[in-house]
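Structural characterization, general
So the chains spell out like this:
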Amino acid sequence: MSLSAVNQPDGIFRSVCSLDCPDQCGLLVHKQDGKIVRIEGDPDHPVTQGAICNKVRNMTARIYDEKRLTHPLKRVGAKGEGRFERISWEEAIQTIAARWKELIALHGPESIIPYSFYGNMGRLTAEGMDRRFFNRLGASRLDRTVCQSAGTKGYSYTMGASIGTDPEDTVHAKLFVMWGVNAVSTNMHQVALAEKARKNGAQIVVIDVHKNQTGRWADWFIPILPGTDAALALGLMHILFAEGMIDSEFLAQYTVGHEELREHVKQYDPHKVSAITGVPVEDIYRLARMYGQTSPAFIRIGNGLQHHDNGGMIVRTIACLPALTGQWLVKGGGAIKGNSRFLAFNTAALQRPDLLANKGTRLINMNRIGEALLNLDPPIRSMFVYSCNPAVIAPEGNKVRRGLMRDDLFTVVHDLFLTETAAYADIVLPATSAFENLDFYTSYWHHYIQLHQPVVEAYGESKSNSEVFRLLAQAMGFAEQAFRDSDEDLITQALSGHGNGYIADVTYEALKEQPYIKARREPFFLDALETPSGKIELYSAAMEQDGHPPLPTYTPLAEDGNDPFLFIPAPNHNFLNSTFSNNAKHIQLEKVARLHMNSEDAERAGIATGDVVRIWNQRGESELVAAVGDNVLPGVVVSQGLWADLPGTKQLVNSLTPDRISDMGGGATFFSGRVNVEKKRAKAE
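For the structure given in this document, a descriptive report is provided here. (Residues numbered from 1 in each chain as written. Predicted model: local features only at pLDDT ≥ 70, side-chain atom pairs only at ≥ 80, totals over all residues. Heavy atoms only, no water.)

1. Thoughts on the sheet that holds strand 18 (residues 439-442)
- Overall, antiparallel pairing links the three strands, which are arranged 18-19-20 in an open sheet. Edge strands, defined here as strands with exactly one partner in the open sheet, are strand 18 and strand 20 (516-518). Sheet twist, expressed as the average angle between the axes of neighbouring strands with direction ignored, equals 20°.
- Strand direction decides the pairing type here: strand 19 (residues 448-452) and strand 20, joined by three bridges, are antiparallel. Residue pairing across strands places tyrosine 448 opposite lysine 518, the latter belonging to strand 20. (Pairing = 2+ DSSP bridges. Helix = DSSP H or I, 4+ residues; strand = E, 2+ residues; numbered from the N terminus. Axes fitted to C-alpha atoms, helices over the stretch in contact; angles between N-to-C directions.)

Have a look at this one:
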């Protein structure tokens, strides 16, 4: 396929799913009269094999939604009111550049901050010309830590990098431990691979705080109290060592610290661990023996685990388990937290950090954006938001929205829709969808890199991130060649000079000939670990130097007031973070914003399924529909999805979440808050 696809009004064209999802599916896009009329999976993709989720299957409803932005807007009403008038791109760019030049002259470039994440996983869209521009501008740097940073750091202490089992090999596994991952909703092709293995006798165990779709799919679901997963992993280690279910040869050759770990885990006896986790003693023994006696045994380490105060240590601890039984040497065994190291490209060439003149430019954690907007000194005076919706996704949402209300904050939003954040903007710019962009994609789960060439013309007057930041660079007077590079140039630079042997043969030209290229398997990653010792570090001196316990350790969650319920705002099946939450088709599929609650707790509060409940704490409140049953343990409540701020609703659950920073990696602690719940009104008859 070539760029000529844009000029062909009819046909079927290859594409790539741009969503922030590990599966990164290959797609086939059907066009008729120049418009996309159908999206299906690409059956030739080696991993995703033609299967796609409802989110993507119904993507046409999003990209042709009548509410999609078609031209730039300027605010004419009060902030948050959502009243705008149409302006030209020239006026929009000149307005932004003039304000920024004024702010830089008066307050310096650090008075400006970008706010973005991976609403589109295209590498140029997420971390290309934008990074170059803000580096050259000298704006405050954003620490993009809202999703996976705590777990990535914890895993790297053990394994050296985001590297693990090839998911295609997991069809050979005989035991799957899905730990803290709602894979049916968020990693469906890992489920498909597990199903193939299940037909050959594999068992599937799910450990989670909520018996969601993945828990119901499992052969054995193990409910656990939030934030106690490290204790369970240590209890399993206690039994594995005590009952001789370890691989001594593997430990001697490939690890450091196994003798220290053997002594350390003696304190985590199953009775103590049961009291911490809520998992019965007999289930701890059963799981340990199942894991110790089954091979290949594979652990899928979920994303939600790291969204606790102790999230980095949780992931670090679970990552030690495959080493104890030598599962890394068994095809289909081991673990996956992420696999981005295999597809690592030249980020320095793409992002150009050398353009940042002041290497001491302040760094602001994106999880604390509400606090930063309200109290940072010197203040943030302008924010440019793209590929993200902080008014909905950021913790302590009421703080965030109060910050966005500041009259002296000049806010620009580049998006497909007039999002909750855009309602506070001074200038709103229409963004292209991924189907309109040239970009390349690297999965953080499977091992394939993919090129995406545009399928349709830009919608209305919308522009890509690359286009917008080239225009802003020109308006700001940036003369460097870096801002004249084409998207083709950016891809070529990113895929050159990276020194990553796993993708040594991957070039822009090769990707134009092949729709997807797999990373090499050599060298075997255990022979080239990037830990200080070059081995799996069960004992980590680096952790000790960084102020953490050097051995895996359970630490309780931080105090979060005296509210009675631990609150987990988990993902749902038909949204991805706030994406799709404003689209009628996807809202119809998801139906209603629910709060899952244990029957015992609900009975005491006089709450029944279908009742509208108020859920609140010192940070804010929401109103959700109760779903009562045994899908969560007593003392735990779980919501699903980041619902839009629709009229007449109070569904913004991140109004309730803490903006504390996790134990490592600067990560978010969405899942470590506490709340009250009361009945608001009875189920409508």
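2. Considerations on the sheet that holds strand 10 (residues 220-223)
- In space, the five strands of this open sheet follow the order 10-9-8-12-13, with parallel pairing throughout. Across the chains shown, the open sheet's two edge strands, defined by having one partner strand only, are strand 10 and strand 13 (334-336). Ignoring which end each strand starts from, the neighbouring axes of this sheet average 15° apart.
- Relative to strand 10, strand 9 (residues 203-208) is paired through four bridges, and the arrangement is parallel. Considered in strand 10, the bridge of valine 206 is made with phenylalanine 221.
- Strands strand 8 (175-179), strand 9, strand 10 and strand 12 (297-301) of the sheet are contacted by helix 14 (residues 281-293), whose axis makes an angle of about 130° with strand 10. (Contact = heavy atoms within 4.5 Å.)

3. Observations regarding the packing of helix 13 (residues 270-277) against helix 14
- At a minimum axis separation of 8 Å, helix 13 and helix 14 run at an interaxial angle of 110°. If you check the angle between helix 13 and helix 14, you find them roughly perpendicular. In this structure, the crossing between helix 13 and helix 14 has a hand that is right-handed. For the pair helix 13 and helix 14, the contacting residues are Pro270, His271, Val273 and Ser274 in the first and Val281, Ile284 and Tyr285 in the second.
- In terms of residue class, the contact of helix 13 with helix 14 is made up of five nonpolar, two polar and no charged. (Parallel < 35°, antiparallel > 145°, perpendicular 65-115°, else oblique. Left-handed = near helix turned anticlockwise from the far one by under 90°. Nonpolar A, V, L, I, M, F, W, Y, C, P; charged D, E, K, R; others polar.)

4. Quick notes on the side chain of threonine 170
- Counting through the fold element by element, threonine 170 comes out in the loop between helix 6 (149-159) and strand 8.
- Taking the relative accessible area as the measure of exposure, threonine 170 reaches 0% and is therefore buried.
- Within polar-contact distance, the side chain of threonine 170 engages the side chain of glutamine 190 at 3.1 Å.
- Excluding anything up to four places from it in sequence, threonine 170 contacts Thr165, Phe176, Gln190, Leu193, Ala197, Phe298 and Gly332. (Buried < 20%, exposed > 50% of the residue type's maximum accessible area, 1.4 Å probe, protein only. Polar contact = N/O pair within 3.5 Å; in protein donor to acceptor, adjacent residues only side chain to side chain.)

5. Thoughts on the pairing of strand 2 (residues 26-32)
- Within strand 2, six of the seven residues are buried, which leaves the element mostly enclosed by the surrounding structure.
- Looking at chain direction, strand 2 and strand 3 (residues 35-41) are connected through six bridges and run antiparallel. Following the sheet pairing, lysine 31 is matched in strand 3 by isoleucine 36.
- Between strand 2 and strand 3, which pair antiparallel and follow one another directly, the connecting turn spans two residues, one of which, aspartate 33, has a positive phi of 55°.

6. A look at the environment of lysine 196
- Residue placement: lysine 196 occurs in helix 8 (residues 188-198).
- Separated by 469 residues in the primary sequence, lysine 196 and glycine 665 place their C-alpha atoms 36 Å from one another.
- Look past the residues within four positions of lysine 196 in its chain and what remains in contact with it is Gln49 and Val171.
- Engagement of the side chain of lysine 196 in a polar contact is seen with the side chain of glutamine 49, the distance being 3.2 Å.

7. Quick word on the state of the cysteines
- Under the counting rule described, the total for this entry stands at zero disulfides.
- Counting only cysteine sulfurs, cysteine 17 is the nearest neighbor of cysteine 53, a cysteine outside any disulfide, at a range of 6.4 Å. (Disulfide = S-S within 2.5 Å.)

8. Describing unusual backbone geometry
- In this model, serine 295 is joined to proline 296 through a cis peptide bond whose omega is 0°.
- In this fold, proline 296 is placed in the loop between helix 14 and strand 12.
- Residue proline 523 is bonded to the preceding glutamate 522 through a cis peptide linkage, with omega at 0°.
- Position of proline 523 relative to the elements: it lies in the loop between strand 20 and strand 21 (536-537).
- Of note in this structure, serine 387 is not a glycine but carries a positive phi near 55°.
- Structurally, serine 387 is set in the loop between strand 15 (382-386) and helix 19 (390-393).

9. A few points about the pattern of salt bridges
- For the coordinates displayed, the defined rule picks out 43 salt bridges.
- The residue aspartate 65 makes a salt bridge to lysine 67 at a minimum N-O spacing of 3.4 Å.
- By relative accessible area, which is 44% here, lysine 67 ends up partly exposed.
- Across the salt bridge formed by glutamate 678 and arginine 614, the nearest N and O atoms sit 3.1 Å from each other. Placement of glutamate 678 in strand 27 (residues 673-681) and of arginine 614 in strand 24 (residues 612-617) is noted, with a sequence separation of 64 residues between them.
- A single salt-bridge network, built from bridges that share partners, covers Asp166, Glu168, Asp169, Lys518 and Arg521. (Salt bridge = Lys/Arg side-chain N within 4 Å of Asp/Glu carboxyl O.)

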